[in-house]
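Chains, contacts and geometry: an overview
The residues making up each chain are set out below.
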Amino acid sequence: MLTSWFLLPLLMLLAPAQQQPAAPPAAIPAEAVHMLNPVKPTPEGMAQAKKIYGYDCAMCHGATGNGKGDMVADLKLNLKDWTNPESLKNRTDGELYYIITNGQGQMPGETGRAKPADIWNMVVLVRSFSAH
Ligand code: HEC
């Protein structure tokens, strides 16, 4: 809910710029790419990650991680299908952590909303979508 209020005016502002070819995603700093997950997943941690995912992520990435959430059509997003193990094969945990924290392109980041430990657990959750 909050996300759409935040995004809509932003998208209206950006609309004319969408005619231009998309800029390449901003580079992720090397030290962020190589960060290892310091958090050991626990049932409580994973439950919390799923809760946050339901509120902040599923509307775009889909409840099952298939990239077909409710906002995809409105925002004309082209999201990866995380149920396919190929989709995140070339990404490190550090890259996923960095993107979830800072956002990328049309995706808002979790900075100031989720704690770092929750974000690391979301990295594990996102990867787990391809396991079933
Ligand atoms: C407004 C829609 C939107 C929301 C909400 C959103 N994302 Fe994204 N996400 C995107 C888009 C678009 C990209 C591709 C960004 C790019 O490459 O420019 C992306 C990329 C990613 C990536 C990088 C891997 C990939 O598939 O490209 C991860 C990991 C990710 N999102 C996780 C999350 C998590 C976890 C949340 C919730 C905390 C979330 N996203 C919320 C739209 C969204």
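What counts and how
Residues numbered from 1 in each chain as written. Predicted model: local features only at pLDDT ≥ 70, side-chain atom pairs only at ≥ 80, totals over all residues. Heavy atoms only, no water. Helix = DSSP H or I, 4+ residues; strand = E, 2+ residues; numbered from the N terminus. Expected span 1.5 Å × (residues − 1). Contact = heavy atoms within 4.5 Å. Near = heavy atom within 4 Å. Polar contact = N/O pair within 3.5 Å; in protein donor to acceptor, adjacent residues only side chain to side chain. Nonpolar A, V, L, I, M, F, W, Y, C, P; charged D, E, K, R; others polar. Phe/Tyr/Trp six-rings, centres within 6.5 Å; stacked < 30°, edge-to-face > 60°. Buried < 20%, exposed > 50% of the residue type's maximum accessible area, 1.4 Å probe, protein only. Donors = N, O, S within 2.8 Å, 3.2 Å for Na, K, Ca; no water. Tetrahedral: all angles 85-135°; square planar, octahedral: opposite > 155°, others 65-115°.

Side note on helix H7 (residues 116–128)
The end-to-end C-alpha distance of H7 is 19 Å, a good match for the 18 Å that 13 residues give at a rise of 1.5 Å each. Its buried side turned inward, H7 meets helix H3 (43–56) and helix H6 (93–102).

Focus on the site of the ligand
In the vicinity of the ligand, 22 residues are found, and the nearest of them are Cys57, Cys60, His61, Trp82 and Met107. Interatomic distance of 2.8 Å between a side-chain N/O atom of histidine 61 and a nitrogen atom of the ligand. Tryptophan 82 is positioned with one of its side-chain polar atoms (N or O) 2.8 Å from an oxygen atom of the ligand. Counting residues per element, the ones that place at least two in the shell around the ligand are helix H4 (58–61), H6 and strand E2 (107–108). Of the residues in the shell around the ligand, the class split is 15 nonpolar, four polar and three charged.

Some details on the packing of aromatic side chains
Throughout the structure, instances matching the rule amount to three aromatic pairs. Both rings, one in tyrosine 53 and one in phenylalanine 129, keep their centres 5.1 Å apart while their planes meet at 50 degrees; by these two values the pair is tilted. Here tyrosine 53 is found in helix H3, whereas its partner phenylalanine 129 is found in the segment after H7, with 76 residues between them in sequence. Plain terms: the ring middles of tryptophan 82 and phenylalanine 129 are 6.3 Å apart, the flat faces sit at 15 degrees to each other, and that makes the pair stacked. Taken together, the residues tryptophan 82 in the loop between helix H5 (71–75) and H6 and phenylalanine 129 in the segment after H7 connect sequence positions 47 residues apart. Classification of phenylalanine 129 as buried rests on a relative accessible area of 8%. In textbook terms, an aromatic cluster arises when at least three aromatic residues are bridged by ring pairs, as seen for Tyr53, Trp82 and Phe129.

Some thoughts on the coordination of the iron atom of the ligand
Each protein donor to the iron atom of the ligand is listed here as His61 (NE2) and Met107 (SD); together their distances run 2.0 to 2.2 Å. Around the iron atom of the ligand sit six donor atoms, and with donor-metal-donor angles ranging over 84 to 180 degrees the site reads as octahedral. Here the residue histidine 61 occupies a position in helix H4, and methionine 107 occupies one in strand E2, the gap between them amounting to 46 residues. With relative accessibility at 13%, the residue histidine 61 sits in the buried group. Overall, the relative accessible area of 28% leaves methionine 107 in the partly exposed class.

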